[in-house]
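Listed below are the residues making up each chain.
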Amino acid sequence: MNACPGELLDREALASACDEADSPVATVREAVERANAWLNEEFRNGRDIGELLKLRAVAIDEVMRLLWGRFDWSEDRIALVAVGGYGRGELHPHSDIDLLILVDEDAESQHAAIEGFVTQLWDIKLDIGHSVRTVAECVDAAQRDITVCTTLMESRLIVGSAALRAQMRDAISADKIWPSAKFFRAKWDEQKQRHAKYADTEYKLEPNVKSSPGGLRDVQTISWIALRHYRTGDPEALKALGFLTDDELHILERGRDFLWRVRWALHMVTGREENRLLFDHQRELARLFGFEDSDMRLAVEQFMQRYYRAALAISQLNEVLMQHFDQVILRSDAPEAIVDINPRFQVRNGLLEIKDEAVFDRAPSALLELFLLCAQDEQIEGIHASTIRLARERRDLIDDAFRADPRNRRLFMEILRSPHKLALQLRRMNRFGILGKYLPEFGRIVGQMQHDLFHVYTVDAHTLEVVKNMRRLLYPEHQEQFPVTSRVAGRLPKVELLYIAGLYHDIAKGRGGDHSELGAVDARRFCEKHGVNKHDTDLVVWLVENHLLMSGTAQRKDISDPEVIREFATTVGNQTYLDYLLCLTVADINATNPTLWNAWRGSLLRQLYTETRRALQRGLDNQVGKEEAIANTQRRALERLEDRGFIAEEVEALWAEAGEDYFLREHVDDIVWHTEAIAQHYDKSTPLVLVKQDPVLQTDAATQIFIHARTQDYLFSVVTAALEQLHLSVHDARLYNSVDGMAMDTFYVLDESGESIANDPQRLEHIVEFLTRTLTDRDRFPEVVNRRTPRQVRYFAMPTETSMYVDTIKNVSVLEVTTPDRPGLLARIGRIFFEHGIALQAAKIATLGERVEDVFFVTDANKQPLENPELVANIRSAICKELDEQAAA
């Protein structure tokens, strides 16, 4: 390693340089900059991070002493004290340098010197935070604010009166203010509030390395609590006192050092105090830490898994130590109520614990029995900290022989069948490292991120959230949110099969290949080892293999088409498979991204489920033909219209220009609504715009906007651009051009935030007025919306991908476009369609985090599929060029 520049640490040499310089402040600033550059170079060379933090603190100490020495002080009446992280001797490149100027009661004579000293620090451009207080003022501030007390606890004398600093330390000691138990409770509450700001998860996509759960603040909290109680926060000393075990000390120091390195790197690459692992920085840090892209996983995914595992380990240790401190130390004299469970376990004050420390060694199966007992008895409030610690220490007892033991396999299946808090037990098993040991395939996905905005959880967190959602489907309080799925879940014959499918549906993420197929192999192996019969095993394997089938069909295909329903029903095969698949799909979507689920997606799944159930009840060989379906729809709509005073001839004349697709895809209620409105709209030169406030069952989330207008250039582009200006997002579009040159288009929209607008009559009225005005006056055609693309979306820039194939059954070409989401997307694509003479028949719009996966059903002007390869290639090329150039702009 290179030696540290002597002039920085040699205060006398730096003082001489300052005396000779025209600007002493500039000389010191340059010395600090050189030192920072040297420290960063040492960081890149792999020097121990603890040494670097201390070196920077020592270097700043020397600067402080040098500048302090340039003023006249009453040394026995004033002290310069480092506090907070600087007081601990942990100083990152752009951390605040927290100073306490401690003065006696008569500090007036020191005022000018203090002001001059602080001004010099600012001139040097050090990131300082400072306060000037007497001992009494320190005590008063510490009593009122525990954060001040915590900061002062970590004080360190830089220069000045040691007696004054000792007096302050004594005045804020635990026997004077904030006794150990009170301090602990306040710090625990403070930690809970901090964790809540980050959704109580270590797995945020852009975590804060300092403040998120599992971050450096969790390490410091352990140290602060120990410091208050034991008068030391040094990890080695805490091990000697029995507060930490050897294994825990290793976990603490390894995790802390990694987080320190991440924080140093963030400060170094951003040039500021940046503690957020933003997407903008994750790739650069992955490279800096030596990770490289592989065939299966990106470097950034590998780096973030390393981060998440470190954060999870710190969070788990923090949780255990906080509980241990509370239960074993603070409540050691509390009255006890002990309930005997069996020869291995008892419940002490509501917490399950082992009867002696040799239980797991004598009976390794107790490592699973522990969680089964909690799942069988809802009176058990939790697990005692001492038992958690021992289970973590003994988890290596779970080896191949353990996994092959029929007793342990039965225990695990009993856990899955247990009545109480299954999701909580699986989450505990994961946090304590038991689940990943028992299911090594699960252990491989712990902390594994998916580098996009669509999946907001790591794979293991998402998987456990899926199981939690499955449990929610059975609870009465969630039936209102998921009425159909809850009823279906309640009648599943073996709900544990659903949980197994949930555990394994994403188990093969990150291995390369099709994770559904690879996961199905693991699922079959699990079922066969755990005594699941062949019939049930085949169901679980099918669910894992096809867990994306239902959502993909609902979001990407025209589920109003009987042929789509028949094809889906044929794949599903029977009602039991359909029921399980619905529950898995709903649980999966809700566990992928909290913003992904909305009533629109729910209505699509409900419609697909209902229509498929009817198809299965009729029999796959007894489906309704196209002609029969059209005749039935027209007959029912005509009956409704006749009840409103229409005559058959009048209605048939209005319908004469509409194609058969209209009657295949539109609901009877909507056909009646459209027909009645068109008949009453006498001025055909102006467009008819309708907004439906009371949607029918299958579209109860989105508002329908129906437009009957003269077909014109760029109509789809104009409408979608106008809708975007109205801050609406299009989720489905059904487009029909009649032979008389009139367009009959329906758009299903939500607010751009994904919420329904049906209960805002003023907004609905404005939509009608704006669209009517826009379509009437071509000069008012809106420009393509060009709002700024959000930072997170810009980071995930990816080239546009397109594909096109012919659907021979529907007799259309199907164009699929996958591209980053951005304003004006649909309008730009619509313009390209027009320029190439393409007729858009329908569109399915799906926004998945930062990207969209849109499907367009297109034909030529004669309503025939696109057969010309050159035309197809030109359209795909034009879309990619337009969208990628926009993204780069």
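These numbers come from a predicted model, not from an experiment.

Here the focus is the overall build of the chain. A tally of regular secondary structure across the chain gives 41 helices and 17 strands. Here the C-alpha coordinates of the chain stretch approximately 105 × 75 × 50 Å along the principal axes. Evaluated residue by residue, the chain yields a buried proportion of 57% over its 889 residues. If you take every contact in the chain between residues at least 6 apart in sequence, the share linking residues at least 24 apart comes to 70%. Element-wise, carbon and sulfur atoms account for 47% of the exposed surface of the chain, whose accessible area totals about 37,700 Å². Taken together, the 108 basic and 142 acidic charged side chains of the chain have centroids lying 4 Å from each other.

Within helix 8 (residues 146–153), six of the eight residues are buried, which leaves the element mostly enclosed by the surrounding structure. I146, V148, C149, T150, L152 and M153 are the residues of helix 8 that are buried. Where helix 8 is buried, its residues touch strand 2 (97–103), strand 3 (128–134), helix 7 (135–144), helix 9 (162–171), helix 10 (180–197) and helix 11 (216–230).

A few words on the pattern of salt bridges. Within this structure, the stated rule accounts for 56 salt bridges. Two residues, R431 and E319, come together in a salt bridge whose shortest N-O distance is 3.0 Å. One end of the pair, R431, is in helix 21 (residues 422–431); the other, E319, is in helix 15 (residues 299–330), with 112 residues separating them in the sequence. For R431, a relative accessible area of 17% corresponds to the buried category.

Its place among the elements puts F482 in the loop between helix 24 (459–472) and helix 25 (483–490). Of the residues examined, F482 reaches a relative accessible area of 9% and is grouped as buried. Taking the C-alpha atoms as reference points, F482 and L99, separated by 383 residues in sequence, lie 56 Å from one another. Residues within four places of F482 in sequence aside, it is in contact with L473, V586, N590 and W597.

What follows deals with unusual backbone geometry. The phi dihedral of K421 is positive, around 50°, even though this residue is not glycine. You can see K421 is positioned in the loop between helix 20 (406–417) and helix 21. Even without a glycine there, the phi angle at K863 is positive, about 60°.

The strand order 5-6-7-8 describes an open sheet built from four strands, whose pairing is mixed. Each edge of the sheet is formed by a strand with only one pairing partner; in this case those strands are strand 5 (338–340) and strand 8 (382–383). With two bridges connecting them, strand 7 (residues 351–354) and strand 8 associate as parallel partners. Bridge pairing in strand 8 links L351 to G382. Relative to strand 7, helix 18 (residues 385–393) is tilted by about 50°, and along the sheet it contacts strand 7 and strand 8.

Let us now look at the packing of helix 15 against helix 18. Two packed helices can be described by the angle between their axes and the distance between those axes. Two numbers describe how helix 15 lies on helix 18: the axes approach to 8 Å, and their chain directions differ by 145°. Classified by chirality, the crossing of helix 18 by helix 15 is left-handed. Here Q316, V320, L321, Q323, H324 and Q327 of helix 15 come into contact with helix 18, specifically with A385, I388, R389 and R392. Grouping the amino acids of the contact of helix 15 with helix 18 by side-chain chemistry returns four nonpolar, four polar and two charged.

Taken in spatial order, the four strands of this open sheet run 3-2-1-4, and their pairing is mixed. Two strands lie at the open edges of the sheet, namely strand 3 and strand 4 (156–160), each paired on one side alone. Across the sheet, the axes of successive neighbouring strands diverge by a mean angle of 25°, strand direction being ignored. By the bridge criterion, four bridges tie strand 1 (residues 78–82) to strand 4 in an arrangement that is antiparallel. The partner of V81 across the bridge, within strand 4, is L157. Relative to strand 4, helix 4 (residues 49–68) is tilted by about 25°, and along the sheet it contacts strand 1, strand 2 and strand 4.

The buried fraction of helix 40 (residues 825–835) is high, at eight of 11 residues. Within helix 40, burial applies to L825, L826, A827, R828, I829, G830, I832 and F833. The positive-phi residue at the C-terminal boundary of helix 40 is G837, with phi of around 65°.

According to the stated counting rule, one finds 27 aromatic pairs in the structure shown. Aromatic pair F258 and F303: ring centres 6.4 Å apart, planes at 50°, arrangement tilted. Placement of F258 in helix 13 (residues 246–270) and of F303 in helix 15 is noted, with a sequence separation of 45 residues between them. With respect to class, F258 is no different from F303; both count as buried. Ring geometry for F402 versus Y438: centroids 6.3 Å apart, planes at 80°, classification edge-to-face. Within this pair, whereas F402 is found in helix 19 (residues 400–404), its partner Y438 is found in helix 22 (residues 435–438), the two being separated by 36 residues in sequence. Y438 sits in the buried class, given a relative accessible area of 3%.

Together, E642, D643, E649 and E652 line one region of the surface with negative charge. Within the fold, D643 resides in the loop between helix 33 (626–642) and helix 34 (648–655).

Residues of strand 6 (residues 345–348) alternate between two faces, with F345 and V347 on one and Q346 and R348 on the opposite face, all of them buried. In this structure, strand 5 lies alongside strand 6, joined through three bridges in antiparallel fashion. Paired with D340 across the bridge in strand 6 is Q346. From the end of strand 5 to the start of strand 6, which pair antiparallel, there are four residues. In this sheet, strand 7 lies alongside strand 6 in antiparallel orientation, the contact comprising four bridges. Bridge pairing links R348 to L351 in strand 7. Taken together, strand 6 and the strand that follows it, strand 7, pair antiparallel across an intervening segment of two residues, in which N349 is found at a positive phi of about 50°.

Take the packing of helix 33 against helix 36 (residues 668–680) next. Here helix 33 crosses helix 36 at 50°, and the two axes come no closer than 9 Å. Judged by the inter-axis angle, helix 33 sits oblique to helix 36. For the element pair helix 33 and helix 36, the recorded crossing hand is right-handed. Between helix 33, through T633, R636, A637, R640 and L641, and helix 36, the contact on the second element is made entirely by V668, D669, I671, V672, T675 and E676. Classifying every residue of the contact of helix 33 with helix 36 by side-chain character gives five nonpolar, two polar and four charged.

In this section: the environment of A501. With respect to the secondary-structure elements, A501 resides in helix 26 (residues 495–504). For the pair A501 and L539, spaced 38 residues apart in the sequence, the C-alpha separation amounts to 8.9 Å. Every residue in contact with A501, bar those within four places of it in the chain, is listed here: V540, L543, V544 and L584.

Thresholds, definitions, all that
Residues numbered from 1 in each chain as written. Predicted model: local features only at pLDDT ≥ 70, side-chain atom pairs only at ≥ 80, totals over all residues. Heavy atoms only, no water. Helix = DSSP H or I, 4+ residues; strand = E, 2+ residues; numbered from the N terminus. Buried < 20%, exposed > 50% of the residue type's maximum accessible area, 1.4 Å probe, protein only. Contact = heavy atoms within 4.5 Å. Areas by Shrake-Rupley, 256 points an atom, 1.4 Å probe, with all protein chains shown as cover. Lys, Arg positive; Asp, Glu negative; His and termini not counted. Charge placed at Lys NZ, Arg CZ, Asp CG, Glu CD. Salt bridge = Lys/Arg side-chain N within 4 Å of Asp/Glu carboxyl O. Pairing = 2+ DSSP bridges. Axes fitted to C-alpha atoms, helices over the stretch in contact; angles between N-to-C directions. Left-handed = near helix turned anticlockwise from the far one by under 90°. Nonpolar A, V, L, I, M, F, W, Y, C, P; charged D, E, K, R; others polar. Phe/Tyr/Trp six-rings, centres within 6.5 Å; stacked < 30°, edge-to-face > 60°. Patch = residues over 30% accessible without salt bridge, like charges linked within 9 Å, V, L, I, M, F, W, Y side chains within 5 Å. Parallel < 35°, antiparallel > 145°, perpendicular 65-115°, else oblique.

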